[in-house]
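# Coordinate inspection notes
Chain by chain, the residues:
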Amino acid sequence: MKTIYCIGELLIDFVAEKQGNDLSKADEFTKKAGGAPANVACAISKLGGNSRFVGCVGRDPFGTFLLNILEENKVDISLAQRSKHFTTLAFVSLAEDGERDFVFSRGADKKLTYDSGVKNGFNGNMVHFGAATALLGGKLEDAYNRYFFDALTKESFISFDPNFRGDLWKGEEEIFVKKCRSFIEKSHLCKFSMEEAQLLSGEDDIEKACDLMHDLGAQIITVTLGGEGTLISTPNLKTTVPSIHVKPVDTTGAGDAFIGCLLYQISTLSKPEVILENSDQLLDMIKKANVAGAVTTTNYGAIPSLPTLDEVENRLS
Ligand code: ATP
């Protein structure tokens, strides 16, 4: 089984207690572990895969809390860093339908420094870049770009999720698009939401948006569509794979559970790249990944709601 390196942020989500209140009205918050790449690392290891997290938290109790959670979920945290800056915080409110509203207070996540030793493990393995905060500049972006270069030179299987957060890029969406495109061009697998696919391609029609991104160089594209399932697009295949029926209470982490489950399945192949040529196997994998995403919406919080492989397989059958 391949190891999957997950690079990006790990942070505290302070989730508003009363669902339906926007952040201006929320007065009680619960502390949860968050950060898309960290959620993906947990999703992979909970399914039985090997994941390593590369990111930075503060040398404070919140940082300790976060690393403990990753460890409890069997993620390898030996490459995680700690900084004198406080752990990054996000304040989140949930609408009645489980959709989220965010405010970020950034700290240690942007202090990740490049470690030239990390690339030694990239050879023949997989690297997932989750970009919610990583493209916002500073040390983290520098480290991120250098790890991307390393993953390319070591011929790792590369996965990219832009994790667009509108409030972090207000008025600078074009810069975000430009930065993401250099990742899209060279990744084996890209995961987008519908909004991201439209923003990154400049095209509203989702199938045309995928074609434009294939023209850029994107190989496998998944566009997650919530309860509708996932649009899978490769140069030879374009179809929507339906999800299962669930009653969602909190959609946090559904996309991370989805991509984590897809990456986990690819990591069991002796050569991950062969998935590019095997449409039937890819469709089966998407079906399973949809179930992982769906199950995650049926409980509160991202990491505690991630399914095991048995849970995914039971729901599928
Ligand atoms: P995030 O913002 O958490 O990264 P996302 O918007 O990328 O998430 P979603 O589309 O909400 O992700 O969910 C990912 C996958 O989980 C979907 O493609 C789908 O397969 C499954 N899923 C999500 N919500 C539901 C639902 N209500 N019913 C069934 N399946 C769902």
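See the structure above.
What comes next is a walk through the structure. (Residues numbered from 1 in each chain as written. Predicted model: local features only at pLDDT ≥ 70, side-chain atom pairs only at ≥ 80, totals over all residues. Heavy atoms only, no water.)

### Considerations on the overall build of the chain
Spelled out, the test is: Helix and strand labels come from DSSP, where a helix needs a run of H or I of at least four residues and a strand needs a run of E of at least two; each type is numbered from the N terminus. All radius of gyration figures rest on C-alpha atoms, and the globule criterion is 2.2 Å times the number of residues raised to 0.38. A 1.4 Å probe rolled over the protein chains alone gives each residue an accessible area, and that area as a share of the maximum for its type sets the label: buried under 20%, exposed over 50%, partly exposed in between. Residue contacts follow a heavy-atom distance rule, with two residues in contact if any of their heavy atoms lie within 4.5 Å. Throughout, the Shrake-Rupley method with a 1.4 Å probe supplies accessible areas, and for residues the shown protein chains are the sole cover considered. Positive charges come from Lys and Arg, negative ones from Asp and Glu, while His and the chain ends are left out of the count. Just so you know, the charge point we use is NZ for Lys, CZ for Arg, CG for Asp and CD for Glu.
Helix and strand counts for the chain stand at 9 helices and 14 strands. By the compact-globule yardstick of 20 Å for 317 residues, the chain fits well, its C-alpha radius of gyration being 18 Å. Dimensions of the chain, computed from the C-alpha atoms along their principal axes, are close to 50 × 45 × 40 Å. Relative to its 317 residues, the chain shows a buried fraction of 56%. Of the contacts formed within the chain by residues at least 6 apart in sequence, a portion of 71% connects residues at least 24 apart. Within the structure as shown, the chain displays about 13200 Å² of accessible surface, and the carbon and sulfur contribution to it stands at 47%. Computed over 33 positive and 44 negative side-chain charges, the inter-centroid distance for the chain is 6 Å.

### A closer look at the nonpolar core
Our working definition: By convention a nonpolar core is built from buried Ala, Val, Leu, Ile, Met, Phe, Trp, Tyr and Cys residues, the set being connected through side-chain atoms within 4.5 Å.
Membership of the largest hydrophobic core comes to 50 residues, with the highest contact counts inside it found for Leu10, Leu70, Leu189, Leu262, Leu263, Ile266 and Ile275. Broken down by secondary-structure element, the contributors of at least two residues to this core are strand S1 (3-7), strand S2 (11-16), helix H1 (36-46), helix H2 (61-72), strand S14 (237-241), helix H7 (254-267) and helix H8 (279-296). It is H7 that contributes the most residues to this core, 8 residues altogether. Contact partners of Leu263, with chain neighbours within four places excluded, come to Ile4, Val40, Ile44, Met126, His128, Phe157, Ser159 and Leu189.

### Side note on the pattern of salt bridges
Between side chains of opposite charge, pairing is possible as soon as their charged atoms come close. In plain terms, the rule: Salt bridge, as used here: a side-chain nitrogen of Lys or Arg that lies within 4 Å of a carboxyl oxygen of Asp or Glu.
Applying the stated criterion across every chain yields a total of 9 salt bridges. The residue Lys179 makes a salt bridge to Glu141 at a minimum N-O spacing of 3.1 Å. Of this pair, Lys179 sits in helix H4 (residues 173-184) while Glu141 is found in helix H3 (residues 138-153), placing the two residues 38 residues apart along the sequence. Asp161 serves as the salt-bridge partner of Lys191, at 3.7 Å between the closest nitrogen and oxygen. Of this pair, Lys191 sits in strand S11 (residues 189-193) while Asp161 sits in strand S10 (residues 157-161); the two residues are 30 residues apart in sequence, bridging distant segments of the chain. Here the two residues Lys191 and Asp161 agree in accessibility, since each one is buried.

### Focus: unusual backbone geometry
Non-glycine residue Lys74 carries a positive phi angle of around 65 degrees. Mapped onto the secondary structure, Lys74 falls in the loop between H2 and strand S6 (81-83). The phi angle at Glu155 is positive, at roughly 55 degrees, despite the residue not being glycine. Note that Glu155 resides in the loop between H3 and S10.

### With respect to the site of the ligand
The following threshold applies: For each residue, the test is whether any non-hydrogen atom lies within 4 Å of the molecule or strand; if one does, the residue is near. Pairing of N or O atoms within 3.5 Å defines a polar contact, subject to two protein rules: one partner must be a possible hydrogen donor and the other a possible acceptor, and residues neighboring in sequence count only if both atoms are side-chain atoms. The classification used treats Ala, Val, Leu, Ile, Met, Phe, Trp, Tyr, Cys and Pro as nonpolar, Asp, Glu, Lys and Arg as charged, and all other residues, Gly among them, as polar.
The environment of the ligand is made up of 20 residues, and the closest members are Lys191, Thr224, Gly226, Ser243 and Asn290. Here an oxygen atom of the ligand sits 2.9 Å away from a polar atom, N or O, in the side chain of Thr230. Protein chains bury 88% of the 620 Å² of accessible surface belonging to the ligand in isolation. Broken down by secondary-structure element, the contributors of at least two residues to the shell around the ligand are H7 and H8. Looking at which element gives the most residues to the shell around the ligand, the answer is H8, with 3 residues. Looking at the shell around the ligand residue by residue, the classes come out as 6 nonpolar, 12 polar and 2 charged.

### Side note on the sheet that holds strand S8 (residues 100-105)
Applied cut-off: Only strands joined by at least two bridges in the DSSP assignment are considered to pair. Angles run from 0 to 180 degrees between N-to-C directions of axes, and those axes are lines fitted to C-alpha atoms, restricted for helices to the stretch in contact.
With mixed pairing, the 4 strands of this open sheet are ordered in space as S3-S2-S7-S8. Here the strands that pair on one side only, and so sit at the sheet edges, are strand S3 (29-34) and S8. Neighbour-to-neighbour, the strand axes of this sheet turn through a mean angle of 25 degrees, independent of strand direction. Alignment of S2 against strand S7 (residues 89-94), held across 4 bridges, turns out to be parallel. From the neighbouring strand, Val15 faces S7, where its bridge partner is Val92.

### Focus: the packing of H1 against H7
The following threshold applies: Oblique is the label for every angle not falling under 35 degrees (roughly parallel), over 145 degrees (roughly antiparallel), or within 65 to 115 degrees (roughly perpendicular). Definitions for this section: a left-handed crossing has its near helix turned counterclockwise from the far helix by less than a right angle. A right-handed crossing has that turn clockwise.
One can describe the packing of H1 onto H7 by two numbers: an axis separation of 8 Å at closest approach and a directional angle of 50 degrees. Accordingly, the angle class assigned to the pair H1 and H7 is oblique. Between H1 and H7 the crossing geometry is right-handed. From H1, Ala36, Asn39, Val40, Ala43 and Ile44 reach across to H7, where they touch Asp256, Ala257, Ile259, Gly260, Leu263 and Tyr264.

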